[in-house]
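Each chain, letter by letter, is given below.
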Amino acid sequence: MNPDGKRLFNIIVLGFGFMFMFTAFQTCGNIEQTVIKSFNSTDFHGSGYTSMAIIYGVFSASNLIAPSVVALIGPQLSMFFSGLLYSGYIAVFIYPYTSSFYIGSVLVGVGAAVLWTAQGNVLAINSTDATIGRNSGIFWALLQFSLLFGNLYIYFAWHGHVHITDKDRQTVFISLTVISLVGCFLFFLIRNPDSDRDQSDASDSQLQAESSESNSSAPRSSLCSQALDAFVKACKMFVTREMLLLSVSIGYTGLELTFYSGVYGTCIGAMTRFGQDAKSLIGISGICVGLGEILGGGVFGMLNKCNRYGRNPVVLLGLVTHFLAFYLILLNIAADAPIAPEAGTDLRSYITPSVGVAMFCSFLLGLGDSCFNTQLLSIIGFLFRDNSAPAFAVFKFIQSIMAALAFFYSNYLLLHWQLLILVLTGFLGSLTFFMAETLAAAGRRESDYDSI
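A brief structural summary.

The rules behind these values
Residues numbered from 1 in each chain as written. Predicted model: local features only at pLDDT ≥ 70, side-chain atom pairs only at ≥ 80, totals over all residues. Heavy atoms only, no water. Helix = DSSP H or I, 4+ residues; strand = E, 2+ residues; numbered from the N terminus. Buried < 20%, exposed > 50% of the residue type's maximum accessible area, 1.4 Å probe, protein only. Contact = heavy atoms within 4.5 Å. Areas by Shrake-Rupley, 256 points an atom, 1.4 Å probe, with all protein chains shown as cover. Polar contact = N/O pair within 3.5 Å; in protein donor to acceptor, adjacent residues only side chain to side chain. Expected span 1.5 Å × (residues − 1). Arc of directions from axis to C-beta. Phe/Tyr/Trp six-rings, centres within 6.5 Å; stacked < 30°, edge-to-face > 60°. Lys NZ or Arg CZ within 6 Å of the ring centre and 35° of its normal. Axes fitted to C-alpha atoms, helices over the stretch in contact; angles between N-to-C directions. Parallel < 35°, antiparallel > 145°, perpendicular 65-115°, else oblique. Nonpolar A, V, L, I, M, F, W, Y, C, P; charged D, E, K, R; others polar. 1 Å grid on protein atoms, 1.4 Å probe; cavity = no way out; pocket = protein on both sides within 12 Å on 5 of 7 lines; lining within 4 Å. Points joined across faces, edges and corners; volume = space filled by probe spheres on them. Core = buried A, V, L, I, M, F, W, Y, C linked by side-chain atoms within 4.5 Å. Left-handed = near helix turned anticlockwise from the far one by under 90°.

**So, the overall build of the chain**
Looking only at helices and strands, one finds 15 helices and zero strands in the chain. Expressed as a percentage of the 452 residues in the chain, the buried residues total 59%. Pairs at least 24 apart in sequence give 86% of the contacts found in the chain among residues at least 6 apart. Carbon together with sulfur atoms contributes 67% to the accessible area of the chain, which is approximately 17300 Å² in total.

**Thoughts on the side chain of S146**
As for its position among the elements, S146 is in helix α7 (residues 146-158). Relative accessible area serves as the criterion here: at 0%, S146 is assigned to the buried category. A distance of 2.8 Å separates the side chain of S146 from the side chain of Q26, its partner in a polar contact. A polar side-chain atom of S146 sits 2.5 Å from the main-chain carbonyl oxygen of L143. With residues near it in sequence (within four places) discarded, S146 still touches M19, F22, T23, Q26 and T27.

**A word on helix α8 (residues 166-186)**
In this model, α8 (21 residues) spans 31 Å end to end at C-alpha, consistent with the 30 Å of a helix rising 1.5 Å per residue. Residues of α8 that are buried include every one of D168, R169, V172, F173, L176, T177, S180, G183 and C184, and no others. The arc enclosing the buried residues of α8, seen along the axis, measures out at 150°, which places them on a common side.

**With respect to the packing of aromatic side chains**
In this description, an aromatic ring pair is defined by two values, namely the gap between the centres and the angle between the planes. Counted according to the given criterion, the structure contains 25 aromatic pairs. With centroids separated by 5.4 Å and ring planes inclined at 65°, the aromatic side chains of F22 and Y86 adopt a geometry described as edge-to-face. Placement of the pair is F22 in helix α1 (residues 3-37) and Y86 in helix α4 (residues 75-91), with a sequence separation of 64 residues. Owing to a relative accessible area of 2%, Y86 belongs among the buried residues under this scheme. Residues F25 and Y89 carry aromatic rings whose centres are separated by 6.0 Å and whose planes lie at 55° to one another, so their mutual orientation is tilted. Residue F25 is found in helix α1, and its partner Y89 is found in helix α4; the two are separated by 64 residues along the sequence. When sorted by exposure, F25 lands in the same class as Y89, which is buried. Three or more aromatic residues joined by ring pairs form one cluster here, namely F18, F22, F25, Y86, Y89, F93, F101, Y102, W116, F139, F173 and F187. If you follow R191 out to its NZ or CZ, it ends over the ring of F9, 4.9 Å from the centre.

**Considerations on the packing of α4 against α8**
Their axes nearest at 9 Å, the elements α4 and α8 cross at an angle of 180°. Classified by the angle between their axes, α4 and α8 sit roughly antiparallel to one another. Counting all contacts with α4, which are made through F80, G83, L84, Y86, S87, I90 and A91, the residues of α8 involved are F173, L176, T177, S180, L181, C184 and F185. Its residues assigned to classes, the contact of α4 with α8 shows ten nonpolar, four polar and no charged.

**Side note on the environment of T425**
Here T425 is to be found in helix α15 (residues 415-446). Judged by its relative accessible area of 17%, T425 is buried. Each residue touching T425, except ones within four places of it in the same chain, is listed here: V248, Y252 and L255.

**Describing empty space enclosed by the protein**
Under the counting rule described, the total for this entry stands at five cavities of 30 Å³ or more. Reported here for the largest cavity is a volume of approximately 380 Å³. In this structure, the largest cavity is lined by 28 residues; those nearest its centre are F22, Y56, W116, L257 and K396. Of all the elements in the fold, those that place two or more residues in the lining of the largest cavity are α1, α2 (48-62), α5 (98-125), α6 (132-144), α10 (241-270), α13 (355-383) and α14 (388-409). With five residues, the single largest contributor to the lining of the largest cavity is α10.

**Describing the nonpolar core**
Ranked by size, the top nonpolar core spans 112 residues in total, and within it F18 and F173 carry the most contacts. Top element by residues in this core is α10. It accounts for 13 residues. Setting aside its immediate chain neighbours within four residues, F18 contacts T23, M79, L115, W116, Q119, F139, L143 and F187.

**Considerations on the packing of α6 against α13**
When two helices pack together, you describe them by how their axes are tilted relative to each other and by the distance separating the axes. For the pair α6 and α13, interaxial distance at closest approach is 9 Å and the crossing angle is 140°. Between α6 and α13, the crossing angle belongs to the class labelled oblique. The way α6 lies across α13 gives a crossing that is right-handed. Contacts between α6 and α13 involve I132, G133, S136 and W140 from the first element and D369, S370, N373, T374, L377, S378 and G381 from the second. Here the residues of the contact of α6 with α13 sort into three nonpolar, seven polar and one charged.

Honestly, that's just the spatial picture; any functional story needs more than this.
Following this line, the structure appears as structure tokens:
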């Protein structure tokens, strides 16, 4: 296999590995608050929102050390061991205890930081300036297939169920744990690409376990120095002009990630006006989000060469799509749905609640999210290609700390206040992205980079 074919193979394997892992984890996140409300045992006192807040809070802090971990053991092993932590968290729901639930949340937060930093590194070292957009789209589309399969299973398994029994829960989470483990082992199929770049263009190779600086003949002190250097680079990169501009739009993706992956599904499941199928509609909502994500990843990632106008039109489309979704959600979903008890809410909003409108909003949320994320992956991969692991660590640090904040306030804020926060942050994030894209366009002209 030639070097270009090997790099594309690696991207596809990376996408499938994440697809299996996040089929399990995203389905878990989508249903866990609903599942926790229906526990028969009174000994469990955990909260799904609090758990996710812990995960993303630890995730954000751990991003500061994640580049060092990737530097020490390489991206492949980093993703494998991080995936095991994800599998452990999902397995907690088979026989849940409050202490193991929150300990698992902390461990997943650490694993997530390492996993996504390693993913960014693998994406960058297997891409060129001409293929970073295409590869980002391929990875994103494969990743978002994870929203289809797990949620489809949830729909059929819980169809017509008003209450989730212990047997229902255990069957689902045993299956999800096995699926997550399959994704972990797929990472071992990723190969070290044969690069034809010169040495100056391959500075990221220091983060690979196979690099000459990390081989067995190097003194152990060089590994520590390498890890410290990765940490220092991440801290310095955080305060660069480009990253400060992108930080607002990255923060917005953290807020809307929380909303579509944890809050909105809970809202749908709490709407008693949707009938006895309200719980199973959580699965259909996740599928609709996934369809939007896949469409966006394919169109705006793999077809990026047809776009002569840069990334700004795609981000603007994402903003308009999300604003439309937020408006329809405000009209369709009851204000107290995010914090309703297991029995749900009988309240209505401004219109008669419609399942069709709710599912259409799920699709719009996924489509808008893909617009933002594919373009952020592309612009960061271009602006910081020589320091990809620290750059993606900073990206995930900002995104996860905002997601943690959103999961925290989701315990208390009514729906309309959560939507207002999303609207304001999305507008500001789009403006700052446009400014960062102007800087990227200037750099593209200087480097003869002509495909976004």
